[in-house]
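Here is what each chain is made of, one letter per residue.
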Amino acid sequence: MKINALIATQVGQPLRAGQVELRELQADDVKIEILYCGVCHSDLHMARNEWGVSRYPLVPGHEIVGRVIAVGDKVTKFVLGETVGVGVMVDSCGECHFCQQQEEQYCEVGFTPTYNGTDRYTGNTTFGGYAQHVIADQHFVVTVPDNLALNAVAPLLCAGVTVWSPLQHFNVKAGDRVGVVGLGGLGHMAVKLASALGAEVTLFTTSPAKAADARRLGAKNVVISRDAAQMADCQASLDVILDCVAAPHDLDPYLNTLKTNGQLVLVGIPDQPHPSPNVTPMVFRRLSISGTSIGSIQETQQMLDFCGQHNITADVEMITGGEVETAFERMLTSDVKYRFVIDMQKTRW
């Protein structure tokens, strides 16, 4: 079946409205009318083939909120008209160690991404949320709480769960002291979620102008990372740091702010490696540097339920499909607070 979509056709060309072929509904499939789709920075990378793996034609988008309009014969989890979400994954092998323990994001075969992946049924390229519809296996669809604004839920499907997963993995709880590096799409959700868990949040930023907003979002402390005196004042004070900056930078100043046994968790992926950290403080204070990749379907549902209970959504700026290229350019200068979301109902095809 053909659907309308915003399509990247080749490197250097803007996204254009057109049509792509969606697979036929399988027995375990849910077909979703897309209402809103968040604009992740990875969408820009993929549309412009900046990671060298893009396959054209390409339809970006993996922060999807929509309405169920059809279900396969074996679907038991969802009914017509239900509001649901789809994130970064639409399939995985289902058999490996990680899939069996509900960690599909680490599937040993490799999960099927929502777009620019290989559809397990057809062998064709998967298409994402900058479109009218999406089809996914019911296991990779999640329920959206009724009390949340749907447009502001969309970024939770990637930005939200990507920071929620390490908060859960490292058992962040009330009274812990959590650092967040960078106040962008990921960082602003890390501040909100860690604060709601009861942690005392310290935001590290290079911009003093972000201090007031960081406190509004839930940060108790704001540290200007270029200020040596401010960094010195918070030495050995934090339990966990989520580093959400997707550019190479010196990790040593942040390692120095960790308590013994502290964790520096890398969430952002830079285009060049970070400088090698100083091993000495890691050895003498048993510090760890780790990474984290999105979150499982179980974690995604858990995060949405938590957000429903605490009335948490992303801070968003709404656009239509015709404004995506402008949004891409603004993202490059961090000119968004804090996530663009496409209103698919107002997008002209």
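Structure shown above.
Residues numbered from 1 in each chain as written. Predicted model: local features only at pLDDT ≥ 70, side-chain atom pairs only at ≥ 80, totals over all residues. Heavy atoms only, no water.

A. Highlighting the overall build of the chain. Counting its regular elements, the chain contains 11 helices and 17 strands. Taking 2.2 N^0.38 as the reference for a compact globule, 349 residues should give roughly 20 Å; the C-alpha atoms of the chain span a radius of gyration of 20 Å, in line with that estimate. Taken across its 349 residues, the chain has 55% of its residues classed as buried. Considering only contacts within the chain whose residues lie at least 6 apart along the sequence, 67% involve residues at least 24 apart. Element-wise, carbon and sulfur atoms account for 48% of the exposed surface of the chain, whose accessible area totals about 14,900 Å². Counting 26 positive and 37 negative side-chain charges, the chain places the averaged centre of each group 5 Å from the other. (Helix = DSSP H or I, 4+ residues; strand = E, 2+ residues; numbered from the N terminus. Rg over C-alpha atoms; globule rule 2.2 N^0.38 Å. Buried < 20%, exposed > 50% of the residue type's maximum accessible area, 1.4 Å probe, protein only. Contact = heavy atoms within 4.5 Å. Areas by Shrake-Rupley, 256 points an atom, 1.4 Å probe, with all protein chains shown as cover. Lys, Arg positive; Asp, Glu negative; His and termini not counted. Charge placed at Lys NZ, Arg CZ, Asp CG, Glu CD.)

B. Summary view of the sheet that holds strand S14 (residues 258–266). If you trace the 6 strands from one edge of the open sheet to the other, you get S12-S11-S10-S13-S14-S15, paired in parallel fashion. Of all strands in the sheet, those bounded by a partner on one side alone are strand S12 (221–224) and strand S15 (288–291). Between one strand axis and the next, the sheet turns by 20 degrees as a mean value, whatever way the strands run. Both strand S10 (residues 177–181) and strand S11 (residues 200–205) contribute to a ladder of 5 bridges, which runs parallel. If you follow arginine 177 over to S11, its bridge partner there is glutamate 200. (Pairing = 2+ DSSP bridges. Axes fitted to C-alpha atoms, helices over the stretch in contact; angles between N-to-C directions.)

C. Quick peek at unusual backbone geometry. The amide bond that connects tyrosine 56 to the next residue, proline 57, takes the cis arrangement and shows omega of 0 degrees. Along the chain, proline 57 falls in the loop between helix H1 (41–47) and strand S4 (64–71). Cis geometry marks the peptide bond from lysine 337 to tyrosine 338; its omega dihedral reads -10 degrees. Of note, tyrosine 338 is situated in the loop between helix H11 (324–332) and strand S17 (339–343).

D. Here's a closer look at the pairing of S4. Two elements, strand S3 (residues 29–39) and S4, share 7 bridges in a ladder whose sense is antiparallel. Its bridge partner being in S4, glutamate 33 is matched across the sheet by arginine 67. Bridge count for S4 against strand S5 (residues 83–86) is 4 bridges, and the pairing is antiparallel. Considered in S5, the bridge of arginine 67 is made with threonine 83.

E. Expanded view of the packing of aromatic side chains. Under the criterion given, the structure shown has 3 aromatic pairs. Between phenylalanine 204 and tyrosine 254, the aromatic rings sit 5.3 Å apart at their centres with planes inclined by 80 degrees, giving edge-to-face as the arrangement. In this pair, phenylalanine 204 sits in strand S11 while tyrosine 254 sits in helix H8 (residues 252–255), placing the two residues 50 residues apart along the sequence. Above the face of the tyrosine 121 ring, arginine 120 is positioned so that its terminal group lies 5.0 Å from the ring centre. (Phe/Tyr/Trp six-rings, centres within 6.5 Å; stacked < 30°, edge-to-face > 60°. Lys NZ or Arg CZ within 6 Å of the ring centre and 35° of its normal.)

F. Molecular detail of the environment of threonine 83. The residue threonine 83 is located in strand S5 in this model. For the pair threonine 83 and valine 30, spaced 53 residues apart in sequence, the C-alpha to C-alpha distance is 12 Å. Threonine 83 has contacts with Val65, Gly66, Thr143, Val144 and Leu150, leaving out every residue within four places of it along the chain.

The analysis is restricted to geometry; functional conclusions fall outside its scope.
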